[in-house]
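Survey of secondary and tertiary structure
Letter by letter, the chains look like this.
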Amino acid sequence: MTALGSATVLWFAAVVALCILALRGDGPALILVVAAMAGGQVLSSLLKSAFDRARPDLIRGGPAVFDASFPSGHAMMSLVTYLTLATVLARDEPRRSLKSVYLAAAAILTLSVGASRVLLGVHWPTDVLGGWCAGIAWVSLCLLAALAWKPRERTAAPA
C-alpha cells in the first residue's frame, strides 16, 4: 500500500489524468492538478525542513529512509493527489453515486497509504496525521483559489 503514495505512482496517475484533461480541453482542471501537486510537494519539503524530526527506529532491518519524518510526505501527497483527482472527476459527474465512489476511493487510498507508513515503522502516527492535515489544508486552498478564479458568467445588460 505504501507504494501507492510514492512519487512515481502519484505522478504516473497525475500524468494519465493530465492527458485526459488535455484531450478534453479542460485547461482549468489541468492547471489545478499541476498546481496542487507541485505546490504540495514544495510545501511538504518546506515543512520537513522546518520540523526536521527524526524518524522512528522501531523495526530492525526496516526500509532505509533518509529525509525528515514530519510530516509524512507519502500521506500528504497521496491525499493531495487522490483528493484533487477525485474532485476534478466528480466535478462534472451528474450522478451522486459516482461522485461518492471517486471521493471514497480517494479516502481509502489515502488512509491505506498513511496506515502503511506507520506499520512499516518509518513514521510516527502524528507524522501521518500532520501530513493529512497539511494536505487537506493545501487542497482546500487550491480548490478555493480555483473557484475564485473561475470565469463568472456574464448576464446580458438590460435593453
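Residues numbered from 1 in each chain as written. Predicted model: local features only at pLDDT ≥ 70, side-chain atom pairs only at ≥ 80, totals over all residues. Heavy atoms only, no water.

As annotated in an unreviewed UniProt entry, the protein carries the name Membrane-associated phospholipid phosphatase and comes from Methylobacterium brachythecii.

1. Describing the overall build of the protein
Under the convention used in this document: Comment: elements are numbered from the N terminus, with helices defined as DSSP H or I runs of at least four residues and strands as E runs of at least two. Buried, partly exposed and exposed residues are distinguished by accessible area as a fraction of the type maximum, computed with a 1.4 Å probe on protein chains only: under 20%, between the cut-offs, and over 50%, respectively. Note on definitions: a residue-residue contact is assigned when non-hydrogen atoms from the two residues lie within 4.5 Å. Residue-level accessible areas treat just the shown protein chains as cover; the underlying method is Shrake-Rupley with a 1.4 Å probe.
For the protein, the count of helices and strands is five helices and zero strands. Beginning at the N terminus, the succession of helices and strands in the protein can be written as α-α-α-α-α. Residues counted as buried form 36% of the 159 residues belonging to the protein. For the protein, the proportion of contacts with a sequence separation of at least 24, taken over those separated by at least 6, is 71%. Put simply, the protein shows about 9,600 Å² of open surface, and 70% of that area lies on carbon and sulfur atoms.

2. Comments concerning the packing of aromatic side chains
Note on aromatic pairs: each is described by the distance of the centres and the angle between the planes. To be explicit about the condition: Ring pairs are drawn from Phe, Tyr and Trp, using the six-membered ring of Trp, whenever the two centres fall within 6.5 Å, and their geometry is named by plane angle: stacked under 30 degrees, edge-to-face over 60, tilted for the rest.
One pass over the structure, following the stated rule, counts one aromatic pair. On the numbers, 4.7 Å between centres and 75° between planes, the contact of Phe 51 with Phe 70 is edge-to-face. Of the two residues, Phe 51 is situated in helix α2 (residues 27-51) and Phe 70 in the loop between α2 and α3 (73-91); the sequence distance between them amounts to 19 residues. Classification of Phe 70 by relative accessible area gives buried; the value is 18%.

3. Thoughts on the UniProt feature "transmembrane region" (unreviewed entry) in the protein
As a reminder, the rule being used: UniProt positions are given in the numbering used here, feature names are shortened, and annotations may be inferred rather than shown by experiment.
The positions that UniProt labels "transmembrane region" (unreviewed entry) are, in the present scheme, residues 6-23, 30-51, 101-123 and 129-149. In the segment residues 101-123, helix accounts for 83% and strand for 0%; the C-alpha atoms at its two ends are 29 Å apart. In residues 129-149, the share of helix is 100% and the share of strand is 0%. The end C-alpha atoms are 30 Å apart.

4. What about a nonpolar patch on the surface?
Cut-off, in case you're wondering: The residues that make up patches have over 30% relative accessible area and no salt bridge, and they are joined within 9 Å when like-charged or within 5 Å when they are Val, Leu, Ile, Met, Phe, Trp or Tyr. The salt bridge definition used is simple: a Lys or Arg side-chain nitrogen within 4 Å of an Asp or Glu carboxyl oxygen.
A cluster of nonpolar side chains, contributed by Phe 12, Val 16 and Ile 20, occupies part of the molecular surface with about 290 Å² of accessible area. Checked against the element boundaries, Val 16 lands in helix α1 (residues 7-24).

5. Overview of α2
This is how the line gets drawn: A helix's residues, less one, multiplied by 1.5 Å, set its expected span. Residues adjacent in sequence count toward polar contacts only when both atoms are side-chain atoms; beyond that, a polar contact is any pair of N or O atoms within 3.5 Å, and within protein one must be able to donate a hydrogen and the other to accept it.
Between its first and last C-alpha atoms α2 spans 36 Å; for 25 residues at 1.5 Å apiece the expected length is 36 Å, and the two agree. Restricting attention to buried positions, one finds in α2 the residues Ala 29, Leu 32, Val 33, Ala 36, Met 37, Gly 39, Gly 40, Ser 44 and Lys 48. As for α2, its buried residues are in contact with α1, α3 and α5 (125-149). At the N-terminal boundary of α2, the capping side chain belongs to Asp 26, with an oxygen 3.3 Å from the backbone nitrogen of Ala 29. Phi turns positive, to about 45°, at Asp 52, one or two residues after α2.

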